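Chain by chain, the residues:
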Amino acid sequence: MRSEETAATLDPVDVRLGVRLAELRAEHGWSLGELAERSGVSRSTLSRAERAEISPTASLLNRLCGVYGRTMSQLLSEVEAEPALLVRAAEQPVWEDRASGFVRRSVSPPHTGLRGELVEGRLRPGADLAYDRPPVPGLEQHIWVLEGALDVTAQDTEHHLDAGDCLRLRVWGPTRFRCAGTDDVRYVLAVVLP
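Residues numbered from 1 in each chain as written. Predicted model: local features only at pLDDT ≥ 70, side-chain atom pairs only at ≥ 80, totals over all residues. Heavy atoms only, no water.

Thoughts on the environment of Glu 140
Secondary-structure assignment places Glu 140 in strand β5 (residues 139-147). Separated by 32 residues in sequence, Glu 140 and Trp 172 have C-alpha atoms that sit 9.4 Å apart. Setting aside residues up to four positions removed in sequence, Glu 140 forms contacts with Leu 169, Arg 170, Ala 190, Val 191 and Val 192. Here His 142 takes part through its side chain, which lies 2.6 Å from a polar atom of the side chain of Glu 140. (Helix = DSSP H or I, 4+ residues; strand = E, 2+ residues; numbered from the N terminus. Contact = heavy atoms within 4.5 Å. Polar contact = N/O pair within 3.5 Å; in protein donor to acceptor, adjacent residues only side chain to side chain.)

What about unusual backbone geometry?
When glycine is set aside, most residues are seen to have a negative phi, and most peptide bonds are trans. Unlike most non-glycine residues, Ala 52 shows phi in positive territory, near 60 degrees. Within the secondary structure layout, Ala 52 lies in the loop between α4 (43-50) and α5 (58-68). Positive phi, normally seen in glycine, also occurs at Gln 155, with a value near 50 degrees. Looking at the element boundaries, Gln 155 is found in the loop between β6 (149-154) and β7 (157-162).

Considering helix α3 (residues 32-39)
An α-helical segment advances 3.6 residues per turn. Residues three or four places apart therefore align on the same side. Among the residues of α3, Leu 32, Leu 35, Ala 36 and Ser 39 are the ones counted as buried. Each buried residue of α3 sits inside an arc of 105 degrees when the element is viewed along its axis, so together they form one side. Residues of α3 that are buried in the fold lie against α2 (12-28), α4 and α5. Positive backbone phi, at 80 degrees, marks Gly 40, one or two positions downstream of α3. (Buried < 20%, exposed > 50% of the residue type's maximum accessible area, 1.4 Å probe, protein only. Arc of directions from axis to C-beta.)

Digging into the packing of α3 against α4
The angle between the axes and the distance between the axes are what describe a pair of packed helices. The N-to-C vectors of α3 and α4 enclose an angle of 110 degrees; their axes lie 9 Å apart at closest approach. Relative to α4, the element α3 lies roughly perpendicular. In the crossing of α3 with α4, the sense of the turn from one axis to the other is right-handed. Contact with α3, carried on its side by Leu 32, Gly 33, Leu 35, Ala 36 and Ser 39, involves Arg 43, Leu 46, Ser 47 and Glu 50 of α4 and no other residues of that element. (Axes fitted to C-alpha atoms, helices over the stretch in contact; angles between N-to-C directions. Parallel < 35°, antiparallel > 145°, perpendicular 65-115°, else oblique. Left-handed = near helix turned anticlockwise from the far one by under 90°.)

Quick notes on the environment of Ala 127
With respect to the helices and strands, Ala 127 occurs in the loop between β3 (116-123) and β4 (128-131). We classify Ala 127 as buried; its relative accessible area is 6%. For the pair formed by Ala 127 and Arg 178, sequence separation is 51 residues and the distance between their alpha carbons is 5.8 Å. Contacts of Ala 127, omitting those with residues within four sequence positions, involve Ser 100, Gly 101, Phe 177, Arg 178 and Cys 179.

With respect to the confidence of the model for the protein
Chain-level pLDDT for the protein is 88 on average; 91% of the residues reach the 70-or-more range. Of all secondary-structure elements in the protein, the lowest mean pLDDT belongs to helix α1 (residues 4-8), at 42, while β7 reaches the highest, 98. Overall, residues 1-8 carries pLDDT values under 50, and its contacts beyond four positions in sequence, including any with other chains, amount to four contacts. (pLDDT = per-residue confidence, 0-100.)

Quick word on the environment of Val 19
Relative to the assigned elements, Val 19 resides in helix α2. Between the C-alpha atom of Val 19 and that of Ala 49, which follows or precedes it by 30 residues, the distance is 9.0 Å.

Quick word on the pairing of β3
Where strand β2 (residues 102-108) lies against β3, six bridges are found, and the strand directions are antiparallel. Looking across to β3, one finds that Phe 102 is bridged to Leu 123. Alignment of β3 against strand β10 (residues 185-192), held across eight bridges, turns out to be antiparallel. Each residue of the ladder has a partner; that of Arg 122, found in β10, is Arg 186. (Pairing = 2+ DSSP bridges.)

Structural data, given as structure tokens:
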């Protein structure tokens, strides 16, 4: 059982995310064991994420998104209020993967009936973010570096991007994002569902 101090420090987004993850598993009629088999994530980690005892990493969410057929933005938007047409900067949801040094801002959260969205990503120096698979095979991505330097590996090819550079690709397999400089890298990720 959690102490009062721990309960008071829980991130509200992690709590809502945990509830939504449990709902998705229930909607599919899967046990924790079945979800563990499908995702390659241990039962204990899945259970702790559903109870908001841990803040899920980007890699963990990516694996679950793949199983549930959603992008990460779609999943995160499901724990937020209905997205408005105009999203003021102060109202754009921000999520942080503290373990990897990745900060993600949903600039234009996904909306039912629309296939594209914009995400602002920020990686600290030395941050290395790897995904073993895309959440949706064939996902179209446009990566535009605003500040700093970013190394992106996709389909066994490494691309070095400096400020102003843009890489576009369809994601079929593992990808890796690494901050390539001594300062933070800030980039825009345009995501378009196939």
